[in-house]
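Understanding the architecture of this molecule
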Amino acid sequence: MVEQFNPVTHPHRRYNPLTNVHILVSPHRTKRPWLGQTEPPAPTNLPNYDKNCYLCPGNTRANGAINDDYKTTMVFENDYAAVLPPPGPVDPPSLHPLLTTEPIQGGCDVVCFHPRHDLSLPTLKVDDIVDIVEEWARIYHRRGFQDGIKYVQIFENKGAIMGCSNPHPHSQVWSLSTVPTHPAKELNNLRNYATSPTATHDGPKGYRDQPCLLCEYVTYERNAKERIVVENEYFVALVPWWAYWPFEIMVLPYKRHIPSLSHFTPEESRALADIISQVTIRYDNIFSCSFAYAMGIHQRPVPPKRVEGKPVEDHDDIAHFHVHFEPPLLRSASVRKFLAGFEVMAEPQRDLTAEQAAQRLRVCSGVHYSLAQRSAE
């Protein structure tokens, strides 16, 4: 007798339509013992102010610049930017058709979330996160309209194991003279889906009233419910069907097609701040630690032009705003997922199913564990 497929026990592949990549899911491997590397716990006793921190108010940065005595957010150009402003050099001659070089220009900004050194998104008030969302929107607009800029990427690295060089709460915004690989692939797949015969026409319509891959996807997930972590009036946080990282989350608006931060209403900006707070609190609560992750916003490459204060629709409105949270922790605060041999040489692989991860996050409290501990004392 042929055994019936069980996604909780049988290995299988899942397809990511945003990236055209398959993920091997091996749920039976969650039982294997771990004798490999463990990570030191992230410090939880940071001071409110650190005189040696390059991001605290009034301190001197590595390049000699002095920070403002800021009270909310602070923005400055990265002292060690990955890309440099124009004018750039001329394109070098190609040594061979397989060996090409493309000079890149742009700018890199640092966004300090708050003057307090010891806080992070899960411990900030929602009002403080609203200030951050509004700051992101201002930088996206300012950089996106600069000559030669074709893409603005907003992201955060949280935690030393994600390469964060300073624990002071901050994010970065890199603006480039080209559209990078990952968002370019997503945008291309969103365009292809809009005219695909497989489109279901469920959910809000996108650019030129065409089907939107992510609008249809989020409509399905809200009906299915099993991968939903939390939602509010405008946004939903879910573990994607095709998730690669153990507790990966995608945040999407679900009421309408929203191409970028430039299209947000004030209510939607506050709702985004609220859902970011709820997601990051659950992250910290799952292992009672400062939970590391990489976070990035994908949206229109640059803001739309405006006429009489309203955005003008164009082909880049195929984008549907969403936020990726990709955290490495797997079994505990000290055991992370590694990008190892099969994943490097073949394709992405995960053990925990998306549904199991969503359930574990869903049952976490919406109150940060540090506040719960203080209340119990």
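Okay, so let's go over this structure. (Residues numbered from 1 in each chain as written. Predicted model: local features only at pLDDT ≥ 70, side-chain atom pairs only at ≥ 80, totals over all residues. Heavy atoms only, no water.)

1. As for the pattern of salt bridges
- Tallied over the entire structure, the rule returns 20 salt bridges.
- Among the ionic pairs, Glu77 bridges to Arg143, the shortest N-O distance being 3.9 Å. Taken together, the positions of Glu77 in strand E3 (residues 74-77) and Arg143 in helix H1 (residues 126-144) put the pair 66 residues apart, joining distant regions of the chain.
- With relative accessibility at 52%, the residue Glu77 sits in the exposed group.
- Asp317 is the partner of Arg300 in a salt bridge, and the nearest nitrogen-oxygen pair spans 2.9 Å. Here Arg300 is found in the loop between strand E10 (293-298) and strand E11 (306-307), whereas its partner Asp317 is found in the loop between strand E12 (310-311) and strand E13 (322-326), with 17 residues between them in sequence. Like Asp317, Arg300 is buried.
- One network of salt bridges, with partners in common, ties together Arg14, Glu221, Glu226, Arg227 and Glu355. (Salt bridge = Lys/Arg side-chain N within 4 Å of Asp/Glu carboxyl O. Helix = DSSP H or I, 4+ residues; strand = E, 2+ residues; numbered from the N terminus. Buried < 20%, exposed > 50% of the residue type's maximum accessible area, 1.4 Å probe, protein only.)

2. Focus: unusual backbone geometry
- Here the bond from Pro86 into Pro87 is cis, since omega is 5°, no more than 30 degrees from zero.
- Relative to the assigned elements, Pro87 resides in the loop between E3 and strand E4 (106-112).
- At Lys225, a residue that is not glycine, the phi angle is positive and equals roughly 75°.
- Following the sequence through the fold, Lys225 ends up in the loop between helix H3 (213-224) and strand E7 (228-231).
- Of the residues examined, Lys225 reaches a relative accessible area of 55% and is grouped as exposed.
- Despite not being glycine, Ser288 has its phi angle at roughly 50°, a positive value.
- Within the secondary structure layout, Ser288 lies in the loop between helix H4 (266-287) and E10.
- According to the relative accessible area criterion, Ser288 is partly exposed, its value standing at 43%.

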